[in-house]
Amino acid sequence: MNRLFSILTIAFLLAGCSTSHLTPDKAIYVEPLAQATPSAERPIKVTLMRDYGAFTAAGATFYIFDNDKKVAKLESREMTVYYAEPGNHSILLGNSSGEGHANSFSEFKKGEAPEIHFGIDGNFTFRVRRVK
């Protein structure tokens, strides 16, 4: 019986090590810190979502930077939308001063609507993943 309890406890803890994929209908919308409206120079709608469920960094605020410009501040289960210009983008998950934990490089093209997720993987490392 003790062995079964130990196995179940370990399984529960491991299940809480990585985040679960968030969908827009379950997200809490927050305003972006910059570029909240489209313009001729910034026509591309970019959706940022912070996934949920990991114990690691559960209480931490995720700051999101696009080409070194702070565009969002996300807590667990939050999402935001900002507008970007076409071209190459470095999307960085960092702390409030811009020191990075993880980043992703992506090209944004007119007509696209990129969706980028932030979270923790099973190895307790931060991740930035473009899903759309």
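Notes on the structure follow. (Residues numbered from 1 in each chain as written. Predicted model: local features only at pLDDT ≥ 70, side-chain atom pairs only at ≥ 80, totals over all residues. Heavy atoms only, no water.)

Under the counting rule described, the total for this entry stands at two salt bridges. For the salt bridge of Glu112 with Arg130, the shortest nitrogen-to-oxygen distance reads 3.2 Å. Within this pair, whereas Glu112 is found in the loop between strand S7 (100-108) and strand S8 (115-120), its partner Arg130 is found in strand S9 (residues 126-130), the two being separated by 18 residues in sequence. (Salt bridge = Lys/Arg side-chain N within 4 Å of Asp/Glu carboxyl O. Helix = DSSP H or I, 4+ residues; strand = E, 2+ residues; numbered from the N terminus.)

Right, let's get into the pairing of strand S5 (residues 78-84). Taken residue by residue, a regular strand's side chains alternate between the two faces of the sheet. S5 sits mainly inside the fold: seven of its seven residues count as buried. Alternating positions in S5 separate into two faces, Glu78, Thr80, Tyr82 and Ala84 on one and Met79, Val81 and Tyr83 on the other, with burial throughout. Where strand S1 (residues 28-29) lies against S5, two bridges are found, and the strand directions are parallel. Bridging from a neighbouring strand, Tyr29 pairs with Met79 of S5. Where strand S2 (residues 44-50) and S5 come together, six bridges link them in antiparallel fashion. Bridge pairing links Ile44 to Ala84 in S5. (Buried < 20%, exposed > 50% of the residue type's maximum accessible area, 1.4 Å probe, protein only. Pairing = 2+ DSSP bridges.)

Our focus in this paragraph is the pairing of S9. Here five bridges tie S8 to S9, and the two strands are oriented antiparallel to one another. Across the sheet, residue Gly119 finds its bridge partner in S9, namely Arg127. The antiparallel hairpin formed by S8 and S9 contains five residues in its connecting segment, where Phe124 sits at a positive phi of about 65 degrees.

Geometric descriptors of this kind do not, in isolation, establish any biological role.
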